[in-house]
Amino acid sequence: AVYDKVTKALTHDALFGRCNEILIKGEITTEELENLHTLFECYTGLGMNGSGAKLYKDCMKLPVRIEK
């Protein structure tokens, strides 16, 4: 029970932090795209689908910067 709450809190914090950083930049790299997708899968897998889902979707609308 406590472990579940901690896992949810850490996942929530990680998703919000990454999304905010990406949204401030106004673009997303291919590496960030892959990492954010993995984090979002964990977020939804824990049964969370609130405001984090909106932030994730907003990030997915950003232009992708291809890294060399």
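Before reading on, note that the structure itself is shown above.
Computed from a prediction, not measured in an experiment: that's the story for all the values here.

Calculation notes
Residues numbered from 1 in each chain as written. Predicted model: local features only at pLDDT ≥ 70, side-chain atom pairs only at ≥ 80, totals over all residues. Heavy atoms only, no water. Salt bridge = Lys/Arg side-chain N within 4 Å of Asp/Glu carboxyl O. Helix = DSSP H or I, 4+ residues; strand = E, 2+ residues; numbered from the N terminus. Buried < 20%, exposed > 50% of the residue type's maximum accessible area, 1.4 Å probe, protein only. Phe/Tyr/Trp six-rings, centres within 6.5 Å; stacked < 30°, edge-to-face > 60°.

J.: Outline the pattern of salt bridges, listing residues and values.
T.: All chains considered together, the criterion is met by five salt bridges. In this structure, Arg18 and Glu32 form a salt bridge, with 3.4 Å as the shortest nitrogen-oxygen distance. Taken together, the residues span a long stretch of sequence, with Arg18 in helix 1 (residues 2-25) and Glu32 in helix 2 (residues 30-45) at a distance of 14 residues. Overall, the relative accessible area of 30% leaves Arg18 in the partly exposed class. One salt bridge in this structure joins Lys25 and Glu32, with 2.7 Å as the shortest N-O distance. By relative accessible area, Lys25 is classed as partly exposed at 40%. We classify Glu32 as buried; its relative accessible area is 14%.

J.: Describe in detail the packing of aromatic side chains, supporting the description with residues and values.
T.: The full count for this structure, using the stated rule, is two aromatic pairs. An angle of 25° between the planes, with centres 6.0 Å apart, marks the rings of Phe40 and Tyr43 as stacked. Pair noted here: Phe40 and Tyr43 are both in helix 2, with a separation of three residues, about one helical turn. No difference in accessibility class separates Phe40 from Tyr43, as the two residues are buried. Between Phe40 and Tyr56, the ring centres sit 3.9 Å apart and the planes meet at 0°, which makes this aromatic pair stacked. Of this pair, Phe40 sits in helix 2 while Tyr56 sits in helix 3 (residues 51-60), and the two are 16 residues apart along the sequence. What links up through ring pairs into an aromatic cluster is the set Phe40, Tyr43 and Tyr56.

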